[in-house]
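Spelled out from the first residue to the last, the chains are:
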Amino acid sequence: MRIDIRHGLPLPVAGALPEGGFIPTRVPKIGISGADYAGMRTELLVTEGQTVACGSPLFRDRKRPEITITAPSSGHIERIEIGPQRRLSLLTIIPEGEDAERFDLAAADTPAGLRALMQQAGLWPALRTRPFDRIPAPDAKPVAVFVTAIDTRPHAPDPVMALGGVEDDFARGVDALSLLTQGQVYVCQDDGPDLVETQDRISVVRFTGFHPAGLPGTHIARLHPATLNAPVWHINYQDAAALGHLLAHGTADFSRNISLAGPGMQQPRLLRVPMGADLHALSRPHLTPGPKRILSGSALDGREAQYLSRYHLQASAIDRVEPRDRNWFIAALSRASAPAAFIPTAAVDRTLGPDMPAVPLLRALSIGDAERAAQLGCLQLGEDDLALATYATGGETDFGAWLRAVLDTLEAA
Amino acid sequence: MRGIWHRDTVSWIIVAAMLPAAVAASLDLGLATMQRFGVALAVIGFWQGVFLFTRAQPLSPIALVTAIAVAILASGATEMWQIVLAASFGTVIGEQIFGGWGRNVVNAGVVTLAFLYFAFPEVLHSGTSPLVAVAAGLAALLLLVTGVLSWRIAVAAPVGLVLATLALGQDPAAPFLEGSLVLGLVFLIGDPVTSASTRMGRLAYGALAGALVAIFGWADAGIGAPQAVVFAALLASLFAPLLDAAAIAVATRKWRGGHG
């Protein structure tokens with residue numbers, strides 16, 4: 001199946017990603033940020049200074065103890081920072097050695113066994129459920145699973161290149177995902193050669209067009225709209241390949257093929273680093289002069305962070321623009337009681353997938369009208385899906401944050 | 001990373017697009033146009049200042065667009081106190097009390113002009129030359145390329161206009177030679193804020209507005225007179241929310257009933 005997304009916006013991107021493979025790079029530090037697991041009450045399973053192997057559990061969800069987060073690399077725990085409400089704020093590991101936990105694969109070909117294995121090995125958090133874009137409950141049953149093997153964000157690595165050499169793992173991972181659902185597994189990819197063979201319950205869907213053609217929200221709204229009673233899950237292609245690796249070798253592989261790009265880099269780079277890699281250390285020798293912001297994620301939807309997020313496959317360096325000192329009178333004139341209204345131009349209409357009434361949805365979100373936003377399809381969306389809308393309204397309102405607030409309201413209801 | 005479509009940038013783009021048409025029209029209508037423009041701008045600026053200090057609503061360059069539209073489309077022998085009255089009504093009731101440009105339901109220029117036409121019907125207003133129509137057409141191209149004007153409105157409005165003109169047994173090419181009419185189509189009916197905001201809604205809105213222009217023009221005011229396009233814009237923007245509601249009902253039928 002081929003779906004041409006005629007909406008979307010061409011984004012200005014300076015500099016092409018380099019040809020050639022992803023360069024394996026060691027990092028001095030790995031960080032696991034609590035921001036990736038928002039909403040999770042963490043129960044720590046390690047202490048500072050303890051030695052861990054790749055795949056050994058670090059912490060788990062207090063309410064759903066099956067969901068564990070495991071170490072992406074062997075080494076020892078350097079620091080654990082606890083934030084408000086005793087939630088984890090940051091956990092750092094100094095990587096050393098090549099130890100890896102081995103997992104028992106005996107039951108991995110049954111649905112229950114596969115779930116248990118993914119939860120043990122720390123691959124369960126790779127799945128996210130729509131509505132709400134959260135880690136799914138350990139016993140939840142999705143009506144479809146989306147494998148996102150296309151990325152249209154600016155400077156995103158090409159999935160075909162990133163899967164080079166691990167195509168078998170990817171195919172094995174996709175096969176395994178079909179055990180988790182009674183419904184379809186959709187492999188959403190770009191217009192290249194098929195990444196996996198189409199089978200009874202595995203369909204390959206090609207998407208073409210500008211961003212947001214490569215976002216799961218677009219795919220889900222188009223192919224299988226999620227509802228409260230019929231949630232769908234999505235997972236990115238590198239995590240699907242990691243699942244395949246786990247099933248083949250019995251060890252978890254948390255390496256990521258990422259791009260490190262953006263206007264703040266002398267040259268864009270392709271790197272193979274562990275999840276949670278220290279982006280400051282990776283980018284520092286290659287930055288252009290001047291103050292910078294290092295983002296985990298793309299320049300469009302990334303967030304400022306020192307460590308690569310679990311859900312990001314790229315990092316960006318952009319110039320830090322400090323607010324200018326303006327004349328007090330001019331500053332007073334331009335300061336408003338409310339953020340400036342967004343103008344529903346033709347560009348705004350192109351920011352969400354073809355099935356979304358973009359302007360009414362953004363209006364509902366910007367006043368926090370949860371019920372109306374749900375009617376307009378916000379249950380299909382995650383924060384990433386609204387980054388383009390924020391871009392196309394001049395960055396005045398962060399619609400991703402508004403969406404999260406609305407989703408939290410709906411989830412609590 | 002942020003795009004160019006901030007509220008202020010969009011209004012500057014519209015101002016830039018309007019300048020050639022403004023120059024062409026003031027060549028056409030003479031020095032009085034500049035006078036009307038100056039008075040309208042001063043009045044709108046005053047009210048923006050009042051709302052800046054009382055309600056913290058920032059100033060917007062859209063005042064220039066409203067003032068130019070009023071100067072060109074109120075082309076008759078309008079007294080300046082009439083402009084003061086109408087522009088005050090238009091900018092306060094049409095725009096500022098809703099929270100400023102971007103939150104309004106009807107275009108401030110349209111309200112101002114409708115006020116002038118209704119309150120002072122004895123003043124006769126004339127249209128402008130095809131040169132203004134050409135300048136407004138070029139402006140439409142600029143607005144389409146910069147992603148401000150929706151192509152759906154830009155296509156549907158002329159189609160609606162031509163079809164309704166044919167239905168009334170008139171020459172379908174005639175409206176496109178009228179400067180005021182084309183200017184109104186681009187800047188009043190095509191205003192992104194007060195037009196419909198869904199894809200199907202925009203098509204329906206454009207067609208409705210175009211047809212209303214033809215009906216008002218041929219059946220009442222005369223196709224060259226600016227009244228036709230102003231009243232069509234007023235009526236069409238009042239219908240826009242209804243058209244949007246219908247379009248949304250169709251577009252979201254897939255997941256309606258799931259929640260709420």
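Everything below is about the structure printed above this text.
The structure displayed is predicted, hence computed values, not measured ones. (Residues numbered from 1 in each chain as written. Chains lettered and ligands numbered in written order. Predicted model: local features only at pLDDT ≥ 70, side-chain atom pairs only at ≥ 80, totals over all residues. Heavy atoms only, no water.)

K.L.:
Report on the nonpolar core, specifying residues and quantitative values.
P.N.:
Counting 80 residues, the largest nonpolar core has Ile14, Leu143, Phe187 and Val230 of chain B as its most contacted members. Of the residues forming this core, the biggest block, 10 residues, is contributed by helix 1 (residues 7–29) of chain B. Residues in contact with Phe187 of chain B, not counting those within four places in the same chain, are Ile14, Ala17, Met18, Asn107, Ala139 and Leu143 of chain B. Formed by 74 residues, the second largest nonpolar core is a distinct cluster that contains Tyr37, Val52, Leu91 and Leu270 of chain A. (Core = buried A, V, L, I, M, F, W, Y, C linked by side-chain atoms within 4.5 Å. Buried < 20%, exposed > 50% of the residue type's maximum accessible area, 1.4 Å probe, protein only. Helix = DSSP H or I, 4+ residues; strand = E, 2+ residues; numbered from the N terminus. Contact = heavy atoms within 4.5 Å.)

K.L.:
Now, about a nonpolar patch on the surface: what can you tell me, with residues and values included?
P.N.:
Residue and element names in this part refer to chain B. Side chains of Phe89, Ile93, Ile97, Phe98, Val105, Leu235, Leu238, Phe239 and Leu242 sit close together on the surface and give an oily, nonpolar patch of about 770 Å² of accessible area. Of all the secondary-structure elements, those providing two or more residues to the nonpolar patch are helix 4 (80–94) and helix 10 (226–251). For the nonpolar patch, the leading source of residues is helix 10, giving 4 residues. In this structure Leu238 comes out as exposed when scored by relative accessible area, which is 51%. (Patch = residues over 30% accessible without salt bridge, like charges linked within 9 Å, V, L, I, M, F, W, Y side chains within 5 Å. Areas by Shrake-Rupley, 256 points an atom, 1.4 Å probe, with all protein chains shown as cover. Salt bridge = Lys/Arg side-chain N within 4 Å of Asp/Glu carboxyl O.)

K.L.:
So what's going on with the environment of Leu179 of chain A? Residues and values would help.
P.N.:
Residue and element names in this part refer to chain A. Locating Leu179 in the fold gives a position in the loop between helix 3 (167–177) and strand 12 (184–189). Given a relative accessible area of 29%, Leu179 falls into the partly exposed group. Separated by 14 residues in sequence, Leu179 and Pro193 place their C-alpha atoms 25 Å apart. Residues within four places of Leu179 in sequence aside, it is in contact with Ala108, Asp109, Thr110, Pro111 and Leu114.

K.L.:
Run through the pattern of salt bridges, naming residues and quoting values.
P.N.:
Residue and element names in this part refer to chain A. In the structure shown here, the tally under the stated rule is 27 salt bridges over all chains. Between Arg64 and Asp61 there is a salt bridge; the shortest N-O distance is 3.3 Å. On the basis of relative accessibility, which here comes to 27%, the residue Arg64 falls in the partly exposed class. Look at Asp61 and you get buried, because its relative accessible area is 4%.

K.L.:
How would you sum up unusual backbone geometry? Please name residues and give values.
P.N.:
All names here are of chain A. Along the chain, Arg130 connects to Pro131 via a cis peptide bond; the corresponding omega equals 0 degrees. Residues His211 and Pro212 are joined by a peptide bond in cis, for which omega reads 15 degrees. Structurally, Pro212 is set in the loop between strand 13 (202–208) and helix 4 (216–223). At Phe132, a residue that is not glycine, the phi angle is positive and equals roughly 90 degrees. Position of Phe132 among the secondary structure elements: in the loop between strand 10 (128–130) and strand 11 (144–149). With relative accessibility at 11%, the residue Phe132 sits in the buried group. For His155, which is not glycine, the phi dihedral falls at a positive 65 degrees.

K.L.:
Would you mind going over the sheet that holds strand 16 (residues 269–274) of chain A in detail, with residue names and values included?
P.N.:
Residue and element names in this part refer to chain A. The sheet built from 6 strands is open, its strands ordered 2-16-15-19-17-18 with mixed pairing. On the outer flanks of this sheet lie strand 2 (23–24) and strand 18 (303–304), each paired with one strand and no other. Alignment of strand 15 (residues 255–261) against strand 16, held across 6 bridges, turns out to be antiparallel. Bridge assignment links Ile258 to a residue of strand 16, and that residue is Leu271. (Pairing = 2+ DSSP bridges.)

These values are about where atoms sit, not about what they do.
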